[in-house]
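These are the residues of each chain, in order.
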Amino acid sequence: NATALAGLQAGTGGTVRVLPSLDALPRDGSLAAGLVVNAAGNHADTTARLIALGASVLVEKPIALHPASLADVFAKATGSCLLVIPALTFLHCAYLENFARVLHDQQAGRPVDIDLVWHDPVSEQRYGEEKSYDPAPSIAQDVIPHVWSVLAMSLRRPDLPLDDAACEI
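From a predicted model like this one, the values you see are computed outputs, not experimental measurements.

Peer 1: What's the story with the overall build of the protein chain in this structure? I'm lost.
Peer 2: In terms of regular secondary structure, the protein chain is built from five helices and five strands. Ordered by position from the N terminus, the helices and strands of the protein chain form the series α-β-α-β-α-β-α-β-β-α. Oriented by its inertia axes, the alpha-carbon framework of the protein chain measures out at about 60 × 35 × 30 Å. Looking at the 169 residues of the protein chain, the share that counts as buried comes to 29%. Of the roughly 11300 Å² that the protein chain leaves accessible, carbon and sulfur atoms contribute 58%. Here the protein chain holds 11 positive side-chain charges and 19 negative ones, and the gap between their average locations is 7 Å.

Peer 1: Sorry if this is basic, but what is going on with the sheet that holds strand E3 (residues 84-87) here?
Peer 2: Sheet strands line up and pair through hydrogen bonds in the backbone, either parallel or antiparallel. The sheet built from three strands is open, its strands ordered E1-E2-E3 with parallel pairing. Only two strands of the sheet have a single partner each, and these edge strands are strand E1 (33-36) and E3. For this sheet the average axis-to-axis angle between neighbouring strands, irrespective of direction, equals 20 degrees. In terms of strand pairing, E1 meets strand E2 (residues 56-60) through four bridges, oriented parallel. Across the sheet, the residue bridging to Ala 33 is Ser 56, located in E2. The strands touched by helix H2 (residues 43-52) within the sheet are E1, E2 and E3, with E2 carrying the most contacts at an inclination of about 165 degrees.

Peer 1: What am I meant to see in the packing of H2 against helix H3 (residues 67-79) here?
Peer 2: Helix packing geometry: the angle between the two helix axes and the distance between the axes. Between H2 and H3, the least distance of the axes is 10 Å, while the angle of their chain directions is 10 degrees. Comparing the axis directions of H2 and H3 gives the class roughly parallel. Between H2 and H3, the residues in contact are Ala 44, Thr 47, Ala 48 and Ile 51 and Ser 69, Val 73, Lys 76 and Ala 77, respectively. Class assignment for the residues of the contact of H2 with H3 results in five nonpolar, two polar and one charged.

Peer 1: Help me understand the pairing of E1 in this model?
Peer 2: Each regular strand carries side chains that alternate between the two faces of the sheet. The side-chain alternation of E1 yields one buried face, formed by Gly 34 and Val 36, and one unburied face, formed by Ala 33 and Leu 35. Note on the crossover from E1 through H2 to E2: the handedness is right-handed.

Peer 1: Looking at this structure, I do not really get the nonpolar core. What am I missing?
Peer 2: The nonpolar side chains of soluble globular proteins are, as a tendency, buried together. Counting 15 residues, the largest nonpolar core has Leu 50, Ile 51, Val 57, Val 59, Val 73 and Val 84 as its most contacted members. Going through the elements one at a time, H2, E2 and H3 are the ones with two or more residues in this core. Sorting elements by how many residues they give to this core places H2 first, with three residues. In contact with Val 84, other than residues within four places in its own chain, are Thr 47, Ile 51, Val 57, Val 59, Ile 63, Val 73, Phe 74 and Ala 77. Grouped together as the second largest cluster of nonpolar side chains are eight residues, Leu 88, Val 147, Leu 151 and Leu 160 included.

Peer 1: Hey, could you run me through the pairing of E3 in this one?
Peer 2: In this sheet, E3 lies alongside E2 in parallel orientation, the contact comprising four bridges. Bridging from a neighbouring strand, Leu 58 pairs with Ile 85 of E3.

Peer 1: Is there a simple way to think about the packing of aromatic side chains in this case?
Peer 2: Given two aromatic rings, their pairing is described by the distance between the two centres and the angle made by the two planes. Counted under the stated rule, the structure contains one aromatic pair. Pairing Phe 90 with Trp 118 gives two aromatic rings, centres 6.1 Å apart and planes at 85 degrees, and the pair type is edge-to-face. With a gap of 28 residues between them, Phe 90 in the loop between E3 and helix H4 (94-105) and Trp 118 in the loop between H4 and strand E4 (124-126) connect regions that are remote in the sequence.

Peer 1: What's the story with the pattern of salt bridges in this structure? I'm lost.
Peer 2: Side chains that carry opposite charge are capable of pairing whenever their charged atoms lie near each other. Scanning the entire structure with this criterion turns up four salt bridges. When the shortest N-O distance is used, the salt bridge between Asp 159 and Arg 157 registers 3.1 Å. For Arg 157, a relative accessible area of 28% gives the class partly exposed.

How each quantity is defined
Residues numbered from 1 in each chain as written. Predicted model: local features only at pLDDT ≥ 70, side-chain atom pairs only at ≥ 80, totals over all residues. Heavy atoms only, no water. Helix = DSSP H or I, 4+ residues; strand = E, 2+ residues; numbered from the N terminus. Buried < 20%, exposed > 50% of the residue type's maximum accessible area, 1.4 Å probe, protein only. Areas by Shrake-Rupley, 256 points an atom, 1.4 Å probe, with all protein chains shown as cover. Lys, Arg positive; Asp, Glu negative; His and termini not counted. Charge placed at Lys NZ, Arg CZ, Asp CG, Glu CD. Pairing = 2+ DSSP bridges. Axes fitted to C-alpha atoms, helices over the stretch in contact; angles between N-to-C directions. Contact = heavy atoms within 4.5 Å. Parallel < 35°, antiparallel > 145°, perpendicular 65-115°, else oblique. Nonpolar A, V, L, I, M, F, W, Y, C, P; charged D, E, K, R; others polar. Right-handed = clockwise from strand over helix to strand, strands pointing away. Core = buried A, V, L, I, M, F, W, Y, C linked by side-chain atoms within 4.5 Å. Phe/Tyr/Trp six-rings, centres within 6.5 Å; stacked < 30°, edge-to-face > 60°. Salt bridge = Lys/Arg side-chain N within 4 Å of Asp/Glu carboxyl O.

In structure tokens, the structure reads:
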């Protein structure tokens, strides 16, 4: 949605550019990084195109829908000395940092376990637009990155292992 994001470019001196399509990407080596926020089924291909142009990439989760595609993306990035990072937005939320601080400041000691129940609404509005459902990723690909991020932040455990045997859908 290039029109809605046009304001993002203002005040950046040209360092941030919102382009109408992948075909408009510069091919002169000037592209340093890209942000991939298109449909999940296109993430791996879009990321691979950006890597081919010499850009590191921040990708909305999931980076790829299939393990082979993920391995291919990481191999291309590694071979080009570029970064590919999933955008786990809950790792950067002030309200979760505040929650963790309060949780860990309690006299009861450091929490070791949290039961988390995740609900997604059937329909949702964000920033005045109707959020649509993307059926491409599995429930696990769509939700587990959020769950892990919330738990890692709340427990202050960036190395948090995820026990998928305890997850129910």
